[in-house]
Amino acid sequence: MAVEVKELLEAGVHFGHLTRKWDPNMAPYVYMERNGIHIINLYKTAAKIDEAGAALAKIAASGRKILFVATKKQAKDIVSEKAASINMPYITERWPGGMLTNFVTIRKAIKKMATIDRMKKDGTFNTLSKKERLQVDRLRAKLEKNLGSIVDMTRLPGALFVVDIKREHIAIKEAQKLNIPIFAMVDTNSDPREVDYVIPANDDASKSIDKILTHVTEAITAGLNERKAEKAEKDAAKADKKSAPKKAKASKEEEE
């Protein structure tokens, strides 16, 4: 679905930061200055959403996960809701250092959650003392808060989608080290050179974040649907192949 400039305007996507706080590398995406605030060129934003959407759809169609990162208050709920709706992992609490560069350790922490859950199911948990049970419960709650949303991420993500690259600079650095493509909403106070796919946009207003995320998740959904259709085609072809000898045998018996 093509992005309409009018809907971006209504969501306030065009409002940048104060001119004195700007990053000069954002100059190509700035339309003008009004009342000491930079105004983002929404025609460029619309084109960049389309470009990023096409790339994200390809990644989703390949079966890889896209990790969403947004820990700022205005973005947390929107990102967790949108990412969960398309079954993608997300980090909306504090970024766990080494989340990508030390992924093996992060996976161990996730496995610890599974172990605690098993203990509760098989009754081992009840054999612990009251103090130990309390400690285990606290640990489980802490792990769930920080890592619960990435529990199904068994390997490094195919891409990162970030809201506010200044705030999430640790995540950006880790993705850069591992050559993981970075997609991001980039406001006028940030350096777009840090990102592979820049979406110039207001990253402070919840309406703006919601609007961009809606388009992004729609593109990913299209990629996921493409993958489903391909899988269904392959399964159908396999089924036909298996049934072919039976059909041939049946028709031969009919002839006889």
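Here the structure is shown first, and the text comes after it.
Quick caveat, the model's predicted, so the values are computed rather than measured.

A. Just the side chain of Asp191, in detail. Inspection of the secondary structure puts Asp191 in the loop between strand 7 (182-186) and strand 8 (197-200). Owing to a relative accessible area of 15%, Asp191 belongs among the buried residues under this scheme. Beyond its immediate sequence surroundings of up to four residues, Asp191 is in contact with Asp23, Asn25 and Ile165.

B. View of unusual backbone geometry. Despite not being glycine, Asn35 shows a phi value in the positive range, around 50°. With respect to the element layout, Asn35 can be found in the loop between strand 2 (30-34) and strand 3 (37-40). Under the relative-accessibility criterion, Asn35 is labelled exposed at 74%. In the Ramachandran plot, Asp164 falls in the positive-phi region, its phi being about 75° despite a non-glycine side chain. Assignment of secondary structure puts Asp164 in the loop between strand 6 (159-163) and helix 6 (169-177). According to the relative accessible area criterion, Asp164 is buried, its value standing at 10%.

C. Focus on the packing of aromatic side chains. What the rule picks out here adds up to two aromatic pairs. For the ring pair Phe68 and Phe161, a centre distance of 5.5 Å and an interplane angle of 35° mean the geometry is tilted. Remark: Phe161 occurs in strand 6 and Phe68 occurs in strand 4 (residues 66-69); sequence separation between them is 93 residues. Across this residue pair, the class does not change: Phe68 and Phe161 are buried. Summarising the aromatic geometry, the rings of Phe183 and Tyr197 are spaced 4.3 Å apart at their centres and angled 5° between planes, so their arrangement reads as stacked.

D. Local environment of the pattern of salt bridges. Applying the stated criterion across every chain yields a total of 13 salt bridges. In this structure, Glu51 engages Lys48 in a salt bridge whose closest nitrogen and oxygen atoms are separated by 3.6 Å. With Glu51 and Lys48 both in helix 2 (residues 42-61) and three residues apart, the pair spans about one turn of that helix. Accessibility expressed as a relative area gives 22% for Lys48, which makes it partly exposed. For Lys120, the salt bridge is made with Asp137, and the minimal N-O distance between the two is 2.7 Å. Here Asp137 lies in helix 5 (residues 130-147) and Lys120 lies in helix 4 (residues 103-122), a separation of 17 residues in the sequence. With a relative accessible area of 39%, Lys120 lands in the partly exposed category. Salt bridges here are not isolated pairs; linked through shared partners, they connect Lys72, Asp164, Asp203 and Asp204.

About the cut-offs
Residues numbered from 1 in each chain as written. Predicted model: local features only at pLDDT ≥ 70, side-chain atom pairs only at ≥ 80, totals over all residues. Heavy atoms only, no water. Helix = DSSP H or I, 4+ residues; strand = E, 2+ residues; numbered from the N terminus. Buried < 20%, exposed > 50% of the residue type's maximum accessible area, 1.4 Å probe, protein only. Contact = heavy atoms within 4.5 Å. Phe/Tyr/Trp six-rings, centres within 6.5 Å; stacked < 30°, edge-to-face > 60°. Salt bridge = Lys/Arg side-chain N within 4 Å of Asp/Glu carboxyl O.

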